[in-house]
Amino acid sequence: MSDHWNRLPGCKVSLYTYTNADEVELIVNGRSMGRRMNDRTDSKVRNRILWDSIPYKPGYVEAVVYRSGDSKPVARHRIETAGEAKSLKAVPDNGDWKADGSDLQHIRVEAVDSKGRRVHGADAQVKFTVDGPAEIVGVINGDITSEELTTGDTRRLYNGTATVILRSTFVPGKVTLTAASPGLKPSKTLLTTK
């Protein structure tokens, strides 16, 4: 139920592949674990294939999907083992941010390794600062057990990510959001309200 390939070395992993295709091949570090059919006749397992006791080794796991009997894949999904967190990366969601005093901008901040892969185990405290015509109205991370406030300018990463919510003012202009955490290269995001 997670989308990363960072586990304890030597363990065996049970995982599901989800698909509406006919067959799935599971590949771990270049080695095929076989192909399995999607049993659409049973509503309890339809579009969900269980792979039990897959040996974990750092690297990657890839699901390759096929139409029945076809040798040409129709889709692939690959997840890789991430390294140590090196920097923060920010991704805004609102490309048309209006300077109307109420429009929001959600910016997802992730801890990433040297190859830009999200580090799911990262849980560093992140401090957000805003320069320009906007204000921080919320900070969240998806951890329903967290006792942190959803207001303020700091939030701990959960599963390697957190989100800061900015609200525009009535003044259009350039906004810079900085996300910083000790030991990680900070992220600077340039935005514009119109």
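Refer to the preceding data block for the structure.
Keep in mind it's a predicted model, so treat the numbers as computed, not measured. (Residues numbered from 1 in each chain as written. Predicted model: local features only at pLDDT ≥ 70, side-chain atom pairs only at ≥ 80, totals over all residues. Heavy atoms only, no water.)

### Some thoughts on the overall build of the protein chain
Phase 1: Tallying secondary structure elements over the protein chain gives zero helices and 14 strands in all.
Phase 2: From first element to last, N terminus to C terminus, the protein chain shows the α and β order β-β-β-β-β-β-β-β-β-β-β-β-β-β.
Phase 3: Taken over the C-alpha trace, the protein chain has a radius of gyration of 21 Å; the compact-globule value for 194 residues is 16 Å, which it surpasses by more than 25%.
Phase 4: Relative to its full complement of 194 residues, the protein chain shows a buried share of 40%.
Phase 5: Of the charged side chains in the protein chain, 29 are positive and 24 negative; the average position of the first set lies 5 Å away from that of the second. (Helix = DSSP H or I, 4+ residues; strand = E, 2+ residues; numbered from the N terminus. Rg over C-alpha atoms; globule rule 2.2 N^0.38 Å. Buried < 20%, exposed > 50% of the residue type's maximum accessible area, 1.4 Å probe, protein only. Lys, Arg positive; Asp, Glu negative; His and termini not counted. Charge placed at Lys NZ, Arg CZ, Asp CG, Glu CD.)

### Considering the sheet that holds strand β3 (residues 31–37)
Phase 1: As summarised here, the arrangement of the four strands in space is β3-β2-β5-β6, forming an open sheet in which the pairing is antiparallel. With partners counted over all chains shown, the strands left at the sheet margins are β3 and β6 (75–80), one partner each. Geometrically, the sheet is characterised by an average inter-axis angle of 15 degrees between neighbouring strands, direction not taken into account. (Pairing = 2+ DSSP bridges. Axes fitted to C-alpha atoms, helices over the stretch in contact; angles between N-to-C directions.)

### Let's talk about the nonpolar core
Phase 1: With 23 residues, the main nonpolar core has Leu-88, Ile-107, Val-109, Phe-128, Leu-157, Val-164 and Leu-166 as its most contacted residues.
Phase 2: At the level of secondary structure, the elements contributing two or more residues to this core comprise β7 (87–92), β8 (104–112), β9 (125–131), β10 (134–140), β12 (161–168), β13 (173–181) and β14 (184–193).
Phase 3: Aside from chain neighbours lying at most four places away, what touches Leu-88 is Val-109, Glu-110, Ala-111, Val-126, Leu-157, Ala-179, Ala-180, Ser-181, Leu-184, Lys-185, Pro-186 and Ser-187.
Phase 4: In terms of nonpolar packing, the next biggest core, distinct from the first, is built from 15 residues, Trp-5, Val-28, Val-61 and Ile-79 among them. (Core = buried A, V, L, I, M, F, W, Y, C linked by side-chain atoms within 4.5 Å. Contact = heavy atoms within 4.5 Å.)

### Details of unusual backbone geometry
Phase 1: Unusually for a residue other than glycine, Asn-29 sits at a positive phi of about 50 degrees.
Phase 2: Its place among the elements puts Asn-29 in the loop between β2 (23–28) and β3.
Phase 3: One non-glycine residue with positive phi stands out, namely Asn-159, at about 55 degrees.
Phase 4: Note on placement: Asn-159 falls in the loop between β11 (154–156) and β12.

### So, the pattern of salt bridges
Phase 1: All told, the structure shown has twelve salt bridges when counted by the stated rule.
Phase 2: A salt bridge links Arg-108 to Glu-110, with the shortest nitrogen-to-oxygen separation between them at 3.4 Å.
Phase 3: A residue is classified by how much of its surface remains accessible, and Arg-108, at 37% relative accessible area, is partly exposed.
Phase 4: Each of Arg-78, Glu-80, Asp-113 and Arg-117 takes part in one network of salt bridges that share partners. (Salt bridge = Lys/Arg side-chain N within 4 Å of Asp/Glu carboxyl O.)

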